[in-house]
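If you want the building blocks of each chain, they are given just below.
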Amino acid sequence: MLTQTITFLCLLGLTIAGQPKIRPCGKLPMPKSIEVSDCDGEGCEFDRSKEYRLTAEFVAPKDSNDLKLDVKGKILGVPLPWANQPTDICNNQVSCPLKSGQTYTYKASFGDLSKYPRVKGIVIYRLNDANGDAMFCFEMKFKLQ
């Protein structure tokens, strides 16, 4: 159940987009910008009855023909993998192939969250190339209500 909660946290879809405060994942590349619908500030508080959208603009640090999503969440300090990650990020959520130094936009959304528990933690959101090298990575606090 907690693993499914991570799904929600990472793929967010509706109207008003805000810029939440994000932190880097160590020395990995950060996106140029992040927008999450109905979220602005230190952490995101999400209503389980709504849909949310996440948009990340990033500069590709290297060429890549394939992208894989790696999302984890820390709930009570315990890292949990995100279940049901999309397998084909290219041409569904990002236009591929990617060329080093060019700017791209990643878009994702997630709907009905009423089946998920009320929980808070940190999302670790990473988009990798086929070799597992990060195209971008960020952390963001969340609270699911």
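Our structure is the block above this text.
Keep in mind that what you see is a predicted model, and the values were worked out from it rather than measured.

## Thoughts on the environment of Arg48
Consideration 1: Positionally, Arg48 belongs in the loop between β4 (43-46) and β5 (52-59).
Consideration 2: For the pair Arg48 and Tyr116, spaced 68 residues apart in sequence, the C-alpha separation works out to 7.3 Å.

## Looking at the state of the cysteines
Consideration 1: Enumeration according to the criterion identifies three disulfides in this entry.
Consideration 2: The disulfide bridge from Cys25 ends at Cys137, spanning 2.1 Å between sulfur atoms. Handedness of the Cys25-Cys137 disulfide follows from its S-S torsion of about -75 degrees: it is left-handed. Here Cys25 is found in the loop between β2 (23-24) and β3 (33-37), whereas its partner Cys137 is found in strand β10 (residues 134-144), with 112 residues between them in sequence.
Consideration 3: Exposure remark for Cys25: the relative accessible area of 11% places this residue in the buried category.
Consideration 4: Classification of Cys137 by relative accessible area gives buried; the value is 2%.
Consideration 5: For Cys90, the disulfide goes to Cys96, at an S-S distance of 2.0 Å. Every disulfide takes its handedness from the sign of the S-S torsion; for Cys90 and Cys96 that torsion is -70 degrees, giving left-handed.
Consideration 6: Classification of Cys96 by relative accessible area gives buried; the value is 16%.
Consideration 7: The connectivity of the disulfide bonds within the protein can be written as 1-6, 2-3, 4-5, using the sequence rank of each bonded cysteine.

## Focus on the pattern of salt bridges
Oppositely charged side chains can form a pair if their charged atoms are brought close together.
Consideration 1: Tallied over the full model, the rule gives six salt bridges.
Consideration 2: Between Lys68 and Asp66 there is a salt bridge; the shortest N-O distance is 3.4 Å.
Consideration 3: Under the relative-accessibility criterion, Lys68 is labelled partly exposed at 37%.
Consideration 4: Using a relative accessible area of 25% as the deciding quantity, one classes Asp66 as partly exposed.
Consideration 5: Measuring nitrogen to oxygen at the nearest pair gives 2.9 Å for the salt bridge that ties Lys72 to Asp70.

How each quantity is defined
Residues numbered from 1 in each chain as written. Predicted model: local features only at pLDDT ≥ 70, side-chain atom pairs only at ≥ 80, totals over all residues. Heavy atoms only, no water. Helix = DSSP H or I, 4+ residues; strand = E, 2+ residues; numbered from the N terminus. Disulfide = S-S within 2.5 Å. Buried < 20%, exposed > 50% of the residue type's maximum accessible area, 1.4 Å probe, protein only. Salt bridge = Lys/Arg side-chain N within 4 Å of Asp/Glu carboxyl O.

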